[in-house]
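# Secondary and tertiary structure notes
The primary structure of each chain is shown beneath.
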Amino acid sequence: MAVIHADDARRSETPGGVMTTLASPTQGGASRALWKVEAKPGAGGPVHDFDVEQVWSWVAGAATVELGGERFEVTAGDTVVMPARTVRRVLADPATGYTAVVTAAAGARAFAADGTEYGVPPWIA
């Protein structure tokens, strides 16, 4: 068992938001990755997919989730299960942004919409 104190959480910043790793194989030795996403109002993540399922749960704000050709409006308290190999994009509400907690299998690999592999994001490693 490992305890990861808030001061030890790893932060990664992208144009779409800040990801804070709460647990992962390299942070606490977890078999799953758990991270928090904080997106500023109007921020949009890239169109991409993953080779594993992800589960997103919104704790604040709102977003539009584009997933497998469909669009879903989500707010705090909503959870979205994103299947593996399903193209997705998350767009933060222009007024509120959002905060979500996400989990996926350790070593999850990201891909561009055209299939180009990005690799394992640092917040999942």
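Below: a short report on this structure.

Quick notes on the rules
Residues numbered from 1 in each chain as written. Predicted model: local features only at pLDDT ≥ 70, side-chain atom pairs only at ≥ 80, totals over all residues. Heavy atoms only, no water. Phe/Tyr/Trp six-rings, centres within 6.5 Å; stacked < 30°, edge-to-face > 60°. Buried < 20%, exposed > 50% of the residue type's maximum accessible area, 1.4 Å probe, protein only. Helix = DSSP H or I, 4+ residues; strand = E, 2+ residues; numbered from the N terminus. Pairing = 2+ DSSP bridges. Salt bridge = Lys/Arg side-chain N within 4 Å of Asp/Glu carboxyl O. Core = buried A, V, L, I, M, F, W, Y, C linked by side-chain atoms within 4.5 Å. Contact = heavy atoms within 4.5 Å.

### Re the packing of aromatic side chains
- Applying the stated criterion across every chain, the model contains three aromatic pairs.
- Seen from their ring centres, Trp56 and Trp58 are 5.5 Å apart, and the 25° between their planes marks the pair as stacked.
- On the basis of relative accessibility, which here comes to 1%, the residue Trp58 falls in the buried class.
- A ring pair is formed by Trp58 and Tyr98, whose centres lie 5.8 Å apart and whose planes are at 55°; its orientation type is tilted. Placement of Trp58 in strand β5 (residues 54-67) and of Tyr98 in strand β9 (residues 98-105) is noted, with a sequence separation of 40 residues between them.
- Tyr98 gets classed as buried once you look at its relative accessible area, which sits at 6%.

### Focus on the pairing of β9
- As defined by bridge partners, strand β3 (residues 32-39) adjoins β9 across eight bridges and the pair is classed as antiparallel. Paired with Glu38 across the strands is Thr99, a residue of β9.
- Here β5 pairs with β9 via seven bridges, running antiparallel. Of the residues in β9, the one forming a bridge with Trp58 is Ala100.

### Notes on the pattern of salt bridges
- Under the counting rule described, the total for this entry stands at four salt bridges.
- Between Asp49 and Arg85 there is a salt bridge, with its nearest N and O atoms 3.6 Å apart. Of the two residues, Asp49 is situated in strand β4 (residues 48-50) and Arg85 in the loop between β7 (79-82) and β8 (88-92); the sequence distance between them amounts to 36 residues.
- The exposure class assigned to Asp49 is buried, which follows from its relative accessible area of 5%.
- Connected through shared salt-bridge partners, Asp51, Arg109 and Glu117 make up one network.

### Side note on the nonpolar core
- If you look at the biggest cluster of nonpolar residues, it comprises 26 residues, and the most contacted ones within it are Trp35, Trp56, Trp58, Val65, Val90 and Tyr98.
- Residue assignment for this core shows that the elements contributing at least two residues are β3, β5, β7, β8 and β9.
- With near-sequence residues (within four places) excluded, Trp35 lies in contact with Met19, Thr20, Thr21, Leu22, Gln54, Ala100, Val101, Val102, Thr103, Ala104, Trp123 and Ile124.

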